[in-house]
Amino acid sequence: MEPNNNNNMQPDSCLEITPMEVHKVVPPPHRSTIQKLKSRLKETFFPDDPLLQFKRQPLGKKWILAAQYVFPILQWGPNYSFKLFKSDIVSGLTIASLAIPQGISYAKLASLPPIVGLYSSFVPPLVYAVLGSSRDLAVGPVSIASLILGSMLRQEVSPINDPLLFLQLAFSSTFFAGLFQASLGLLRLGFIIDFLSKAILIGFMAGAAVIVSLQQLKSLLGITHFTKQMGLVPVLSSAFHNINEWSWQTILMGFCFLVFLLLARHVSMRKPKLFWVSAGAPLVSVILSTILVFAFKAQHHGISVIGKLQEGLNPPSWNMLHFHGSNLGLVIKTGLVTGIISLTEGIAVGRTFAALKNYQVDGNKEMMAIGLMNVIGSATSCYVTTGAFSRSAVNHNAGAKTAVSNVVMSVTVMVTLLFLMPLFQYTPNVVLGAIIVTAVIGLIDLPAACQIWKIDKFDFVVMLCAFFGVIFISVQDGLAIAVAISIFKILLQVTRPKTLILGNIPGTDIFRNLHHYKDATRIPGFLILSIESPINFANTTYLKERILRWINEYETEEDIKKQSSIHFLILDLSAVSAIDTSGVSLFKDLKKAVENKGSVEASAWHLNCLFFFNCLAF
């Protein structure tokens, strides 16, 4: 449409109104306050409607369904076959070969005795096999939770000077982590962990991977006196201020096995069918390095070893839990942080592989399973466990069919605890450090970071804050900063909703954003604005001021072009999903403000269904 320079032109001559069918709008059916509240609570806490399966079922069937809901093993267990077991035993043995060296390594990362890592790979998988709903999740200790647990507890208690108290606090933190996780699932509050957005997790995981890798400089360089701090600067300063403690024998062995592990990982990434190469590489490294140390008496030539480990299954630890005393606040805080991180990782991993195999994973049931797994684990000498991505990927690629693969892994670890512990006496710490570095490298996801940069620059800033907060401040503070910035972003979106000026696509009845569609043109005399968020008490003031500013900008621009002034203001509310009482008052106040301004002719309210607009015209 060509612009009309006649300022006295009537609005009727600039837009042809076509006849349209009018549909009567009726009020919704009356519902009591109780009914409205019940519906709202159901939509908030029960969007998946878990009770639907119990409707119209006989009492006996309801009891069976309830048992299957609480114990998912009862769903697939009756149909389990030997064919499925053959697949599960292969995958279980495969992940056991990875879980044993990783369990020892991650326990040392948490400043716990290495045997605790194996304990944590025995009991929790058995619990998850009964309660968990994922077929692919491989349960055990993970690097990030181990790092956070160790770093937070070391701020108050030294694992060297007071190892018993440190161990007690670790078990107590695991109990509170499990209690928090199970409570989230029981109360169906899983949406809380949704505040950890993809950008936060990518930045946090990458930062934690860097810190975990740098912490291994102590083992890879053979340093005896190493900083307990987690920041980038203190770690590097400690490494270079203790050059006199560097051991060339340790460095040589660490470099060789690190290259071997990285090559094995590269082969498996390039050819997924060779997943067993990276899965078996850590155990092969442990065996080879142990043989070398034992044959050449390397422990007497600068290479530190694990030392003698106790044999036997998990001793009870319920009597070691601390529910009072000066350290109670510390263990609760540690439990909450490690619980959130491990829960997020476990559910994310479970959902990822469930999507690949086209089955559903119930997030709330997973929370209860992981939570109870940690509560029981805290009473059986285990620390925080969850579904590990590296082990779950190996489990998936190895052809796991059910959670029985976790049982097979657990039995393998049990055999190790009972009969094979003396074999680890000469395992060098440098190889455990190399295993950790190789495992956490996969947490640095550069392609995902690049994708975030392309899609949302603000999310990229959040990701960088999480990354730099972790490596320069601390793991927990970096996470807190990133969450705070994400919440600030949500508040900005609520209080500063997006408003757009729309134009008509020539030859159509379609109206689109003028800044995105170059063919869209303004209609002389009309200012058409779109509000793209709910209207509520938090943004009504901003919307009023922003709309008046749109009017001023439009009139200023039209005066410069000497074209017609505004005769109609149209608000497209098709993207507005909800309006509260403050939002209703907004339109009344806006109408008065426009009338007092005297630049827009007062007119009636219109509902233009033809263009899918909810329109307000003055």
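Bear in mind the structure is a predicted one, so any value in this text is a computation, not a measurement.

1. Considerations on the confidence of the model for the protein
Scored by pLDDT, the protein comes out at a mean of 83, with 91% of its residues at no less than 70. The spread of mean pLDDT over the elements of the protein runs between helix 1 (residues 33-45), the lowest at 78, and helix 8 (residues 163-186), the highest at 94. Contacts of residues 1-15 to residues separated by more than four positions or lying in other chains number 26 contacts, the stretch itself having pLDDT below 50. Across residues 599-618 the pLDDT falls below 50, and counting only partners more than four positions away or on other chains, this stretch makes 63 contacts in the model.

2. Structural notes on the sheet that holds strand 4 (residues 511-513)
One key point about sheets: their strands pair by backbone hydrogen bonds, in either a parallel or an antiparallel sense. Read across the sheet, 4 strands follow the order 4-3-5-6 without closing on themselves; strand pairing throughout is mixed. Strands with a single pairing partner mark the edges of an open sheet, and in this sheet they are strand 4 and strand 6 (568-572). When strand polarity is set aside, the average angle formed by the axes of neighbouring strands in this sheet is 40 degrees. In this sheet, strand 4 lies alongside strand 3 (residues 499-504) in antiparallel orientation, the contact comprising 3 bridges. Following the sheet pairing, Asn504 is matched in strand 4 by Phe511.

3. Describing the layout of surface pockets
Empty space among the atoms can be located by rolling a probe the size of a water molecule over them. If you add up the space inside the largest pocket, you get close to 1,200 Å³. For the largest pocket, the lining is made up of 38 residues, of which Phe389, Ser390, Ala393, Gly442 and Leu443 are closest to its centre. Looking at side-chain class alone, the lining of the largest pocket contains 24 nonpolar, 10 polar and 4 charged residues. If you add up the space inside the second largest pocket, you get close to 870 Å³. Along its surface, the second largest pocket is lined by 34 residues, and Lys108, Leu109, Ser111, Lys218 and Lys228 are the ones closest to its centre. Residue assignment for the lining of the second largest pocket shows that the elements contributing at least two residues are helix 4 (82-109), helix 8, helix 10 (217-221) and helix 18 (429-441). Element by element, the count of residues in the lining of the second largest pocket is highest for helix 18, at 5 residues. In the lining of the second largest pocket, the residues fall into 16 nonpolar, 14 polar and 4 charged.

4. What about a nonpolar patch on the surface?
A contiguous nonpolar patch, built from Phe191, Ile192, Phe195, Ile487, Ile490, Leu491 and Val494 and spanning about 540 Å² of accessible area, is present on the exposed surface. With relative accessibility at 49%, the residue Leu491 sits in the partly exposed group.

5. A closer look at the nonpolar core
Residues Leu112, Leu118, Leu147, Ile148, Phe204 and Leu417 are the most contacted members of the largest nonpolar core, which totals 104 residues. It is helix 8 that contributes the most residues to this core, 10 residues altogether. Residue contacts for Leu118: discarding those within four places in its chain leaves Ile100, Ile104, Val413, Leu417 and Met421. Counting residues in hydrophobic clusters, the runner-up holds 22 residues, among them Ile505, Ile535, Leu573 and Val576.

6. Some details on the pairing of strand 3
For strand 3, the tally of buried residues reaches 6 of 6 residues, placing the bulk of the element in the interior. Joining the antiparallel neighbours strand 3 and strand 4 is a turn of 6 residues, in which Gly507 adopts a positive phi near 80 degrees.

7. A word on helix 14 (residues 328-357)
The end-to-end C-alpha separation of helix 14 is 43 Å, in line with the 44 Å expected for 30 residues at 1.5 Å each. Trailing helix 14 by a residue or two, Asn358 shows a phi angle of about 60 degrees, which is positive.

8. Here we look at helix 20 (residues 457-472)
Here helix 20 contains 16 residues, and its C-alpha end-to-end distance of 22 Å stays within 8% of the 22 Å for a straight helix at 1.5 Å per residue. For helix 20, the set of buried residues is Phe460, Val462, Met463, Ala466, Gly469, Val470 and Ile471. Check the buried side of helix 20 and you find it contacts helix 9 (198-215), helix 11 (232-241), helix 19 (446-455) and helix 21 (475-495). Residue Asp456 occupies the N-cap position of helix 20, its side-chain oxygen lying 2.9 Å from the main-chain nitrogen of Phe458.

9. Quick look at the packing of aromatic side chains
Scanning all chains against the criterion turns up 11 aromatic pairs. Considering the side-chain rings of Phe240 and Trp246, the 6.1 Å spacing of their centres and the 55 degrees angle between planes classify their relative orientation as tilted. The class for Phe240 is exposed, based on a relative accessible area of 53%. Connected via pairs of aromatic rings, a cluster forms that spans Phe175, Phe176 and Phe323. It is Arg135 that lies over the ring of Tyr359; its NZ or CZ is 4.1 Å from the centre. Above the plane of the ring of Trp453 lies Lys457, whose end atom (NZ or CZ) is 4.8 Å from the centre.

10. What about the environment of Val284?
Assignment of secondary structure puts Val284 in helix 13 (residues 275-296). Spatially, the C-alpha atom of Val284 lies 9.6 Å from that of Leu261, the residues being 23 residues apart in sequence.

11. Observations regarding the pattern of salt bridges
For the structure on display, the rule yields 4 salt bridges. Between Lys357 and Asp136 there is a salt bridge; the shortest N-O distance is 2.8 Å. Within this pair, whereas Lys357 is found in helix 14, its partner Asp136 is found in the loop between helix 6 (123-131) and strand 1 (139-140), the two being separated by 221 residues in sequence. The salt bridge partner of Lys489 is Asp459, with a shortest N-O separation of 2.8 Å. A residue pair is termed long-range when its members are at least 10 positions apart, and Lys489 in helix 21 and Asp459 in helix 20 qualify at 30 residues. The exposure class of Lys489 is buried, given its relative accessible area of 15%. Overall, the relative accessible area of 21% leaves Asp459 in the partly exposed class. One continuous salt-bridge network, built from bridges that share partners, spans Asp456, Asp459 and Lys489.

Calculation criteria
- Note that residues are indexed from 1 along each chain, following the sequence as it is written.
- Local features in this predicted model are restricted to residues of pLDDT 70 or higher, and side-chain atom pairs are both shown and tallied only at a pLDDT of 80 or more, whereas totals for entire chains, interfaces and linings draw on every residue.
- The basis for every side-chain value is the complete set of heavy atoms in the structure, and neither hydrogens nor water enter the calculation.
- pLDDT measures how confident the predictor is about each residue, on a scale from 0 to 100.
- Put simply, DSSP H or I for four residues or longer makes a helix, DSSP E for two residues or longer makes a strand, and each gets a number counted from the N terminus.
- By the convention used here, residues are in contact when the closest approach between their heavy atoms is within 4.5 Å.
- Strands were regarded as paired on the criterion that DSSP finds at least two bridges between them.
- Axes here mean lines fitted to C-alpha atoms, for a helix over just the part in contact, with angles spanning 0 to 180 degrees between N-to-C directions.
- Whether a set of points on the 1 Å grid over the protein atoms alone is a cavity depends on a 1.4 Å probe fitting there but being unable to get out, while an open set qualifies as a pocket with protein on both sides within 12 Å along at least five of seven lines; lining residues are those with an atom within 4 Å of a point.
- Grid points are joined across faces, edges and corners, and a volume is the space filled by probe spheres set on the points.
- The classification used treats Ala, Val, Leu, Ile, Met, Phe, Trp, Tyr, Cys and Pro as nonpolar, Asp, Glu, Lys and Arg as charged, and all other residues, Gly among them, as polar.
- Two distance rules govern patches: like charges are joined within 9 Å, and nonpolar side chains (Val, Leu, Ile, Met, Phe, Trp, Tyr) within 5 Å, applied only to residues with over 30% relative accessible area and no salt bridge.
- In short, Shrake-Rupley with a 1.4 Å probe defines the accessible areas, and a residue's cover is counted only from the protein chains shown.
- Any Lys or Arg side-chain nitrogen located within 4 Å of an Asp or Glu carboxyl oxygen qualifies as a salt bridge.
- Each residue gets one of three labels from its accessible area relative to the maximum for its type: buried under 20%, exposed over 50%, partly exposed in between, using a 1.4 Å probe on protein chains only.
- Only buried Ala, Val, Leu, Ile, Met, Phe, Trp, Tyr and Cys residues count toward a nonpolar core, and they belong to the same one when joined by side-chain atoms within 4.5 Å.
- One less than the number of residues in a helix, times 1.5 Å, gives the span that helix is expected to have.
- For this analysis, a polar contact is any N or O atom pair within 3.5 Å, provided that within protein one partner can donate a hydrogen and the other can accept it, and provided that sequence-adjacent residues contribute only side-chain to side-chain pairs.
- Side-chain rings of Phe, Tyr and Trp (the six-membered ring for Trp) are treated as a pair once their centres are within 6.5 Å; stacked means planes under 30 degrees apart, edge-to-face means over 60, and tilted covers the remaining angles.
- Criterion for a charge above a ring: Arg CZ or Lys NZ at most 6 Å from the ring centre, at most 35 degrees from the ring normal.

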